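# Commentary on secondary and tertiary structure
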Amino acid sequence: MKKLVCAGEILVEIMAERIGQSFRAPGPLVGPFPSGAPAIFIDQAARLGQPAGLIAAVGDDDFGHLNIERLRADGADISAITVHQGAATGTAFITYETDGSRHFVYNIKQSAAGLIEMGAEARALLAGADHFHVMGTSLFSPEVIEVARNGIEAVKRRGGTVSFDPNIRKEMLDLPGMRDALHFVLSKTDVFLPSGPELFTFAEATDEEGAAREMLDRGISTVVVKKGAQGAVHYDRSGRIASPGFVVDEIDPTGAGDCFAAAFVSFWLRGEGPKRALEIANGCGALAVTKKGPMEGIASLAEVEAFIATSRTGAP
Ligand code: ATP
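Anyway, here's the lowdown on the structure attached to this text. (Residues numbered from 1 in each chain as written. Predicted model: local features only at pLDDT ≥ 70, side-chain atom pairs only at ≥ 80, totals over all residues. Heavy atoms only, no water.)

### Structural notes on the side chain of Ser35
Counting through the fold element by element, Ser35 comes out in strand 3 (residues 29-35). According to the relative accessible area criterion, Ser35 is buried, its value standing at 4%. A distance of 3.4 Å separates a polar atom in the side chain of Ser35 from a polar atom in the side chain of Glu13. Once residues lying within four places of it in the same chain are set aside, the contact partners of Ser35 are Glu9, Ile10, Leu11, Val12, Glu13, Ile40, Asn67, Pro294 and Met295. (Helix = DSSP H or I, 4+ residues; strand = E, 2+ residues; numbered from the N terminus. Buried < 20%, exposed > 50% of the residue type's maximum accessible area, 1.4 Å probe, protein only. Polar contact = N/O pair within 3.5 Å; in protein donor to acceptor, adjacent residues only side chain to side chain. Contact = heavy atoms within 4.5 Å.)

### Some points on the nonpolar core
By size, the foremost hydrophobic cluster in this structure holds 51 residues, and its most contacted members are Phe41, Ile42, Leu54, Leu71, Ile81 and Phe264. Contributions of two or more residues to this core are made by strand 1 (4-7), helix 1 (37-47), strand 4 (52-59), helix 2 (62-73), helix 7 (256-269), helix 8 (274-288) and helix 9 (301-309). It is helix 7 that contributes the most residues to this core, ten residues altogether. Ile108, Phe132, Leu182 and Ala212 belong to the second-largest nonpolar core, a separate cluster that totals 50 residues. (Core = buried A, V, L, I, M, F, W, Y, C linked by side-chain atoms within 4.5 Å.)

### Looking at the sheet that holds strand 3
What the four strands build is an open sheet, ordered 3-2-6-7; its pairing is mixed. The sheet is open, and its two borders are formed by strand 3 and strand 7 (102-107), each paired with just one other strand. If you compare each strand with its neighbour and ignore which way they point, the axes differ by 20° on average. Here helix 2 sits on the sheet and contacts strand 2 (11-16), strand 3 and strand 6 (90-96); the angle it forms with strand 3, its principal contact strand, is near 55°. (Pairing = 2+ DSSP bridges. Axes fitted to C-alpha atoms, helices over the stretch in contact; angles between N-to-C directions.)

### Describing helix 5 (residues 178-188)
Within helix 5 the residues assigned to the buried category are Met178, Ala181, Leu182, Phe184, Val185 and Leu186. Looking at the buried positions of helix 5, the neighbouring elements they touch are strand 8 (131-135), helix 4 (142-157), strand 9 (161-165), strand 10 (191-192) and helix 6 (208-217).

### Structural notes on the sheet that holds strand 4
The nine strands are arranged 5-4-1-8-9-10-11-12-13 in an open sheet whose pairing can be described as mixed. The two strands at the open ends of the sheet, each matched to only one other strand, are strand 5 (81-84) and strand 13 (239-243). Judged from the two bridges that link them, strand 10 and strand 11 (residues 222-226) form a sheet pairing that is parallel. Directly across from Val191, in strand 11, lies its bridge partner Thr222. The strands touched by helix 1 within the sheet are strand 1, strand 4 and strand 8, with strand 1 carrying the most contacts at an inclination of about 165°. On top of the sheet, helix 5 reaches strand 8, strand 9 and strand 10; it is set at about 130° to strand 9, its chief contact.

### Description of the environment of Thr95
In this structure, Thr95 sits in strand 6. Along the backbone, Thr95 and Ala211 are 116 residues apart, and their C-alpha atoms lie at a distance of 33 Å. When neighbours within four sequence positions are excluded, Thr95 is seen to be in contact with Ala16, Gln21, Phe23, Ser101, Arg102 and His103. At 3.5 Å, the side chain of Thr95 forms a polar contact with the side chain of Glu97.

### Some remarks on the packing of aromatic side chains
Per the counting criterion, the structure on display carries six aromatic pairs. For the ring pair Phe23 and Phe93, a centre distance of 6.2 Å and an interplane angle of 90° mean the geometry is edge-to-face. Here Phe23 is found in the loop between strand 2 and strand 3, whereas its partner Phe93 is found in strand 6, with 70 residues between them in sequence. Overall, the relative accessible area of 27% leaves Phe23 in the partly exposed class. (Phe/Tyr/Trp six-rings, centres within 6.5 Å; stacked < 30°, edge-to-face > 60°.)

### Quick notes on the site of the ligand
Close contacts around the ligand come from 20 residues, with Gly228, Gly231, Glu250, Gly257 and Asn282 the closest. Between the ligand and Gly231 there is a distance of 2.8 Å, counted from an oxygen atom to a backbone nitrogen or oxygen. Between the ligand and Pro253, the relevant distance is 3.5 Å, taken from an oxygen atom to a main-chain nitrogen or oxygen of the residue. Compared with its free state, where it exposes 630 Å², the ligand has 87% of that area covered by protein. Here the shell around the ligand is built from residues that sort into eight nonpolar, eight polar and four charged. (Near = heavy atom within 4 Å. Areas by Shrake-Rupley, 256 points an atom, 1.4 Å probe, with all protein chains shown as cover. Nonpolar A, V, L, I, M, F, W, Y, C, P; charged D, E, K, R; others polar.)

### Overview of the packing of helix 7 against helix 8
Packing of helix 7 against helix 8 leaves a shortest axis separation of 8 Å and a crossing angle of 155°. When the axis of helix 7 is compared with that of helix 8, the two are roughly antiparallel. Our pair here, helix 7 against helix 8, has a crossing hand that is right-handed. On helix 8, the residues touching Ala256, Cys259, Phe260, Ala263, Phe264, Phe267 and Trp268 of helix 7 are Arg276, Ala277, Leu278, Ile280, Ala281, Asn282, Cys284, Gly285 and Ala288. In terms of residue class, the contact of helix 7 with helix 8 is made up of 13 nonpolar, two polar and one charged. (Parallel < 35°, antiparallel > 145°, perpendicular 65-115°, else oblique. Left-handed = near helix turned anticlockwise from the far one by under 90°.)

### Regarding the environment of Ser311
Its place among the elements puts Ser311 in the segment after helix 9. Between the C-alpha atom of Ser311 and that of Lys275, which follows or precedes it by 36 residues, the distance is 17 Å.

### Details of the pairing of strand 12 (residues 232-236)
The buried count for strand 12 comes to five of five residues, which makes it a mostly enclosed element. Burial of strand 12 is two-sided: the residues Ala232, His234 and Asp236 facing one way and the residues Val233 and Tyr235 facing the other way are all buried. Where strand 11 and strand 12 come together, four bridges link them in antiparallel fashion. Paired with Lys226 across the two strands is Ala232, which belongs to strand 12. Where strand 12 meets strand 13, five bridges bridge the pair, whose relative direction is antiparallel. Bridging across to strand 13, Val233 finds its partner in Ala242. Here strand 12 folds back onto strand 13, and the loop between the two strands holds two residues.

Next comes the structure, spelled out in structure tokens:
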């Protein structure tokens, strides 16, 4: 089976217990939960039985070991996660506002996540990789951008493939080196996985299908637009397929996009058709939102298949 690799931040997430609870006053918290988009992605792929490894850095503290133990238990390759004494693992504190939006207090750039590097462990992991997944939010420093470039070049040299989940906010585009890095990543991307509006950051067309076609014309083979509870839409040269989401009670949406992407890419790498890949990905995305904590709803293949067999979908 093909091995996929991702690089970027590991952190823990700590949530305000109540919706609308402000961090400007003391209050009850839940967590720590293992987190970090690349860690969620790799953990979900591993739970589906895909060989998957992560290049990352954590502090030699409980938060770092919580993540490493979860990834290890779920079958991920943790050989390229370096542990740094005297550095703290990153944290994200999250409140959910009454209008459904999220408010974050982050410590990632200054955390151990910033110590990521192309060391011997990372090179060894990439030497056995067939696919590299890039996340826009992980390109937060020149060091991570360098690791991503190395990862892309390593898999492409071996005839491998690249997927890209932009997950990018407009203000990030002005960070030094970011536009060049995104241009480079897009020029190497085989599978592009934006959430609805993100597609338009990279295209001139103002309608979804036109924007997706522009991406295909650039040489990307597959575009999958994630649409939250509505599911996802898949575009390739043979056309458009809409796949409805599954009906669930949403408890915590963080991480759904990463679980969806991991499942879709894993099934794409197995050579499964788009309908099956989308169904499994929508199932994993739906299960992800049913638990508090971004990695707590991650399902195995047997669990997601059982969920799909007994669930109903919403409107496409
Ligand atoms: P995030 O950045 O929060 O991880 P995202 O914006 O990248 O997410 P979404 O479109 O929100 O991605 O969600 C990804 C997938 O997860 C959807 O395509 C769908 O399959 C599933 N999903 C998300 N929210 C729900 C929901 N409320 N009910 C059912 N499925 C959902």
